[in-house]
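# Coordinate analysis (summary)
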2 protein chains.
Amino acid sequence: MMSDQNQDIKYLFEPQAVAVIGAARDPNKIGNIILHNILSGGYKGQVFPVNPQGGEILNLKTYRSIEEVNDPVDVASIVIPARFVFDAVQSCARKKVRYLTIISSGFSEIGNNEEEKRIVSYAQEHNMRVLGPNIFGIYSAKASLNATFGSSAITPGKVAIITQSGALGVAMIGKTGVENIGLSAIVSVGNKTDVDEADLLEYLVNDENTKIVLMYIEGVREGEKLIRAVKKATQKIPVMVIKSGRSERGAVAAASHTGSLAGSDEIFEAIMKQCGVLRAESVEEAFNWCKFLANAPSPSGENTVIITNGGGIGVMATDACEKYGVRLYDDPATLKEIFSPITPDFGSTKNPVDLTGQASSSHYHSALDEALRNNNIHSVIALYGETAVFDGENLSSMVEENDRKYKAGGKPLVFSIFGGEKVENCIRTLRKTNAAVYGDVYE
Amino acid sequence: MMSDQNQDIKYLFEPQAVAVIGAARDPNKIGNIILHNILSGGYKGQVFPVNPQGGEILNLKTYRSIEEVNDPVDVASIVIPARFVFDAVQSCARKKVRYLTIISSGFSEIGNNEEEKRIVSYAQEHNMRVLGPNIFGIYSAKASLNATFGSSAITPGKVAIITQSGALGVAMIGKTGVENIGLSAIVSVGNKTDVDEADLLEYLVNDENTKIVLMYIEGVREGEKLIRAVKKATQKIPVMVIKSGRSERGAVAAASHTGSLAGSDEIFEAIMKQCGVLRAESVEEAFNWCKFLANAPSPSGENTVIITNGGGIGVMATDACEKYGVRLYDDPATLKEIFSPITPDFGSTKNPVDLTGQASSSHYHSALDEALRNNNIHSVIALYGETAVFDGENLSSMVEENDRKYKAGGKPLVFSIFGGEKVENCIRTLRKTNAAVYGDVYE
């Protein structure tokens, strides 16, 4: 008997109770790290460690089998060797668990397709859904649930990440900490034998905390299902994709990594574009976008103005705008009216507006104030290349103050600053805030 | 009478004596900063400040006119308002100066073409060559000459930079300090009314200190001359170009910046490819390449191996290799023989070699030792994605030690490491060294 495939995905993100099958005493074991992360992450539901030896782990009563637990269990996190997983899944079925998150590897990614199929078929027949196998787990800010073996310190926020690579996901968790990117969720889908990106999107687009979704995809199984889900999602929030396995060799590597077929990159690219998805080439690029989109106000129109103190960086930013489809505001008369009082004769009031190398922080303040006030300008890109005359000690406060003013005024503002030690320190300091400041015009 | 256009470019890079016309007392003035940079940079030749007021500036006797100087002068740095420049050039002609570096702006970049033409024609008729106008000056490691108004602290090294944007060049000087990129020269060409990239390349390819040349170009005037020079240069050293003004809007911006026509990007791209030039999109990308190429040994062949602890980053690196034309070594039998003793069963000995998330620094050491020893492998890309089991405290030393071993062994090695705070600290520390370590697989 096939069961209902549309079991509410909410149970996965907001479970009332979770079990860890394979909870371990050894703090170096994944079965210990996950339990520790759940407990230290502030999860409010019930937690049931399961280990045939019983006793206590991390001060919690440990059950010899999940069937010994009296209360209902929504999610079982399974962290035992592949050959024991099927037995555990049978126990979960008897216990009427709703979601299995199978951390264990050793399935289709190494050619063990049969066992993976057997497990997921059995689970589906018994009304359970499977995340994984071959994953690092799931973090959900809504439930304060960190059921991953990544960092124990995840900052809650507005970015949701779905990743097909566990290792990359764990490293991403670390990187989000450094970049001060708050997460609403991070979920590893691994071999995605059942639950896939489409299922997760269904939840995330309706999650009021999620402002942008980033997906790392190596291969797609159910293309049409994904397209439907993505189309629906991009109507509500931005969706960004890093698709690897794009090159021929990369596709081969992806196949041996998560056992998935990468398919033609051109087709994928075209479909994603139609669905309104942003595509990033690297994690760095994706994170820069996520950070910006999670924090920036939405522009009320497409007119963008570049304000710079150097022609060269202005030209490069103009190239970058054309590459990414950013429309530059192009009304010379209005621009002249707005900016000529603050631009020297040898500068330019055309877009990019060039305040020239003589600009100090007060020139930037004036120009940015004017741009904020003017209703014809909908968003601003401010560039700064280090000069000898600029009052470097005011750089950070100038950036921060304008960032605050623009956010209050509901207008997007991005800073790109470039130069030596002082500029680097400024970027480092401001990365810890939510200010949109980057080190290169292409970021 | 037209004079000899091929006056030896050596006089510009290795002058015996320089004059600063427009030397100033006020430390905020460019005429003071340049003099200060020349003196504090350790220049061994003679320095003659010129200022109609005479007296002393920075403890040097100051001449009322360059014609009062008794010794020969190879280079005059001209730092006076545009309207006085022609008179100064006439004095220089009488003094038989060889090179004029005209810092002053206010010429063709603001439409003042006539005056620029008048100056350069006069200079050429009197056997002088002109760098600029509208430049920040020139730095030459060979002569310990920092005749720029950028940072006074430039590290001598192996990278030569030619830039058409002065402001960007000054910011680049700052950034090379942060990135620990040593410069053999940095030259601003500005409006390049006479001396252009081709002339400078002529010197740089024969300079034993220069290992790579980076050019920032907005527009080309004498295309065929440039093509000839670049073709010749790339036979000896790598040449990298950032060409801006690529987009339609960018081209317009470039025109109002240095008064140059950008031309079709497709044509430029095709020609540069034929000439063997590497093309970078952003300064960041260019600097990453420069740093690597200036320090890495040349590979003895094209066989590259990727060693990773995560499938996802391995797939992304494979994509990046295909994008940049890096050939991955593809002999499964040999790879298996080399790497199977150090790769777990659920890893992969195919290229990318996946040591799996269980890899510690000693696994990396073993794998990199094997790859260094094996003559079929000509270069190595090592990737590390943060994991809970890796001994993070050994990361920096592992990278450094292998960097040293590979340099000694004459094999290129690049590290790309990705993760949280520990990884970031490691990148920050190692940036100060010459180790090839980056934060993203696309760098």
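What counts, and where the lines are drawn
- Residues numbered from 1 in each chain as written.
- Chains lettered and ligands numbered in written order.
- Predicted model: local features only at pLDDT ≥ 70, side-chain atom pairs only at ≥ 80, totals over all residues.
- Heavy atoms only, no water.
- Least-squares fit on C-alpha atoms with pLDDT ≥ 70 in both.
- Contact = heavy atoms within 4.5 Å.
- Disulfide = S-S within 2.5 Å.
- Buried < 20%, exposed > 50% of the residue type's maximum accessible area, 1.4 Å probe, protein only.
- Buried area = accessible area lost by both parts, 1.4 Å probe.
- Salt bridge = Lys/Arg side-chain N within 4 Å of Asp/Glu carboxyl O.
- Polar contact = N/O pair within 3.5 Å; in protein donor to acceptor, adjacent residues only side chain to side chain.
- Helix = DSSP H or I, 4+ residues; strand = E, 2+ residues; numbered from the N terminus.
- Nonpolar A, V, L, I, M, F, W, Y, C, P; charged D, E, K, R; others polar.
- Expected span 1.5 Å × (residues − 1).
- Pairing = 2+ DSSP bridges.
- Axes fitted to C-alpha atoms, helices over the stretch in contact; angles between N-to-C directions.
- Right-handed = clockwise from strand over helix to strand, strands pointing away.
- Phe/Tyr/Trp six-rings, centres within 6.5 Å; stacked < 30°, edge-to-face > 60°.
- Lys, Arg positive; Asp, Glu negative; His and termini not counted.
- Parallel < 35°, antiparallel > 145°, perpendicular 65-115°, else oblique.
- Left-handed = near helix turned anticlockwise from the far one by under 90°.
- Domains from an automatic or database assignment.

## Remarks on the relation of the copies chain A and chain B
Once chain A is rotated about the relating axis by 180 degrees and shifted along it by 0.0 Å, it coincides with chain B to within an RMSD of 0.1 Å. Such a combination of turn and shift is consistent with a two-fold rotation axis. Among all residues of chain A, the one whose C-alpha sits closest to the rotation axis is Arg428 of chain A, at a distance of 5.5 Å. Comparing interface residues between copies, 100% of those in chain A also lie at the interface in chain B; the contact surface is shared.

## Points about the state of the cysteines
Residue and element names in this part refer to chain B. Taken as a whole, this structure holds zero disulfides over all chains when the rule is applied. The cysteine Cys290 is free of any disulfide, with Cys275 supplying the nearest cysteine sulfur at 18 Å. Cys290 sits in the buried class, given a relative accessible area of 1%.

## Quick look at the interface of chain A and chain B
Counting residues at the interface gives 62 residues for chain A and 62 residues for chain B. Contact between chain A and chain B buries roughly 4900 Å² in total, counting both sides, with carbon and sulfur atoms accounting for 58%. Here chain A and chain B share four salt bridges between them. A salt bridge links Lys175 of chain A to Glu424 of chain B; the shortest N-O distance between them is 2.8 Å. For the interface between chain A and chain B, the tally reads 10 residue pairs in polar contact (both at pLDDT 80 or more). Within the residue set of the side of chain A that touches chain B, elements represented by two or more residues are α5 (166–179), β13 (239–243), α8 (248–258), α10 (283–295), α11 (311–323) and α15 (421–431) of chain A. Counting residues per element, the side of chain A that touches chain B draws most heavily on α11 of chain A, which supplies nine residues. When the residues that make up the side of chain A that touches chain B are grouped by side-chain class, the tally is 24 nonpolar, 18 polar and 20 charged.

## A closer look at helix α4 (residues 113–125) of chain A
All names here are of chain A. In this model, α4 (13 residues) spans 18 Å end to end at C-alpha, consistent with the 18 Å of a helix rising 1.5 Å per residue. Among all positions of α4, only Glu115, Glu116, Ile119, Val120, Tyr122, Ala123 and Gln124 are buried. Elements in contact with the buried residues of α4: α3 (82–95), β6 (99–102) and β7 (129–131).

## What to know about unusual backbone geometry
Residue and element names in this part refer to chain A. Geometrically, the link from Gly132 to Pro133 is a cis peptide bond, its omega value of -5 degrees lying close to zero. Examined against the element boundaries, Pro133 turns out to sit in the loop between β7 and β8 (137–140). Positive phi outside glycine occurs at Leu58, with the angle close to 50 degrees. Assignment of secondary structure puts Leu58 in the loop between β3 (56–57) and β4 (60–61). Taking the relative accessible area as the measure of exposure, Leu58 reaches 36% and is therefore partly exposed. Of note, Asn127 is a non-glycine position whose phi angle comes to about 65 degrees, a positive value.

## Topic: the sheet that holds strand β14 (residues 278–280) of chain B
Residue and element names in this part refer to chain B. Ordered in space as β9-β8-β11-β10-β12-β13-β14, the seven strands form an open sheet in which the pairing is mixed. Both edges of this open sheet fall to β9 (145–148) and β14, since each of them pairs with a single strand only. Averaged over all adjacent pairs, the angle separating strand axes in this sheet is 20 degrees, with direction ignored. Pairing of strand β12 (residues 212–217) with strand β13 (residues 239–243) involves five bridges; the strand directions are parallel. Across the sheet, residue Met215 finds its bridge partner in β13, namely Val241.

## A few points about the environment of Ser152 of chain A
Residue and element names in this part refer to chain A. Looking at the element boundaries, Ser152 is found in the loop between β9 (145–148) and β10 (156–163). Taking the relative accessible area as the measure of exposure, Ser152 reaches 39% and is therefore partly exposed. C-alpha separation for the pair Ser152 and Gly41, spaced 111 residues apart in sequence, amounts to 6.8 Å. Contacts of Ser152, omitting those with residues within four sequence positions, involve His36, Asn37, Ser40 and Asn146.

## Some thoughts on helix α2 (residues 30–40) of chain B
Residue and element names in this part refer to chain B. Of the positions making up α2, those classed as buried are Gly31, Asn32, Ile33, Ile34, Leu35, Asn37 and Ile38. Tucked into the core, α2 has its buried residues touching β1 (17–21), β2 (46–50), β3 (56–57), β4 (60–61), β5 (75–78) and β9. Directly after α2, the chain includes Gly42, whose backbone phi takes a positive value near 85 degrees.

## Things to note about the sheet that holds strand β17 (residues 379–385) of chain A
All names here are of chain A. Strand order in the open sheet made by the five strands is β16-β15-β17-β18-β19, with parallel pairing throughout. The open sheet terminates on both sides in strands that have one partner only, identified here as β16 (353–354) and β19 (437–438). Where strand β15 (residues 304–308) lies against β17, four bridges are found, and the strand directions are parallel. Following the sheet pairing, Val305 is matched in β17 by Val380. Here α15 sits on the sheet in contact with β17, β18 (413–418) and β19, set at roughly 145 degrees to β18.

## Brief notes about the pairing of β15 of chain A
Residue and element names in this part refer to chain A. Burial analysis of β15 places five of its five residues in the buried class, which makes it a mostly covered element. Here β15 runs beside β16; their pairing, made up of two bridges, is parallel. For Ile307, the partnering residue across the bridge sits in β16 and is Val353.

## A short note on the pairing of strand β17 (residues 379–385) of chain B
Here is the key point about a regular strand: its side chains alternate between the two faces of the sheet. Residues and elements named next belong to chain B. Counting buried residues in β17 gives seven out of seven residues, a clear majority hidden from the surface. Neither face of β17 is exposed, since Ser379, Ile381, Leu383 and Gly385 on one face and Val380, Ala382 and Tyr384 on the opposite face are all buried. The pairing of β17 with strand β18 (residues 413–418) spans six bridges and is classified as parallel. Bridge pairing links Leu383 to Ser416 in β18. Following the backbone out of β17, through helix α14 (residues 395–409) and into the adjacent parallel β18, one traces a crossover that is right-handed.

## Digging into the packing of aromatic side chains
Residue and element names in this part refer to chain A. All told, the structure shown has 14 aromatic pairs over all chains when counted by the stated rule. Ring geometry for Tyr364 and Tyr384: centres 6.2 Å apart, planes at 80 degrees, overall edge-to-face. In this pair, Tyr364 sits in helix α13 (residues 361–373) while Tyr384 sits in strand β17, placing the two residues 20 residues apart along the sequence. Like Tyr384, Tyr364 is buried.

## Digging into the side chain of Glu116 of chain B
Residues and elements named next belong to chain B. Looking at the secondary structure, you find Glu116 in helix α4 (residues 113–125). Here Glu116 sits buried without a salt bridge, and the closest side chain of opposite charge, Arg221, lies 4.4 Å off (N-O distance). Apart from residues no more than four positions distant in its own chain, Glu116 is found in contact with Phe107, Ser108, Pro133, Asn191, Thr193 and Arg221.

## Some words on the packing of helix α6 (residues 197–204) of chain B against helix α7 (residues 223–234) of chain B
Residue and element names in this part refer to chain B. The interhelical angle for the contact between α6 and α7, taken along N-to-C directions, is 20 degrees, at an axis separation of 8 Å. Between α6 and α7, the angle falls in the class roughly parallel. Considering the relative orientation of α6 and α7, their crossing is left-handed. Facing α6, whose interface residues are Glu197, Ala198, Asp199 and Leu201, α7 presents Lys225, Leu226, Ala229, Val230 and Ala233. When the residues that make up the contact of α6 with α7 are grouped by side-chain class, the tally is six nonpolar, no polar and three charged.

## Considerations on the domain arrangement of chain A
Parsing chain A into structural domains produces domain 1 (1–133), domain 2 (154–295) and domain 3 (297–438). A C-alpha centroid distance of 51 Å is found between domain 1 of chain A and domain 3 of chain A.

## Regarding the pattern of salt bridges
The final tally for this structure, using the stated rule, is 34 salt bridges over all chains. For Glu281 of chain B, the salt bridge goes to Lys323 of chain A, with nearest N and O atoms at 3.0 Å. With one member in each of two chains, Glu281 of chain B in the loop between β14 and α10 (283–295) and Lys323 of chain A in helix α11 form a pair that bridges those chains. Judged by relative accessible area, which is 24%, Glu281 of chain B ranks as partly exposed. Notably, a salt bridge pairs Asp74 of chain B with Arg98 of chain B, separated by 3.3 Å at the nearest N-O pair. Remark: Arg98 of chain B occurs in the loop between α3 (82–95) and β6 (99–102) and Asp74 of chain B occurs in the loop between β4 and β5; sequence separation between them is 24 residues. Residue class for Arg98 of chain B comes out partly exposed when judged on its relative accessible area of 29%. When salt bridges that share partners are traced, they join Arg129, Asp194, Asp196, Asp199 and Lys225 of chain A into one network.

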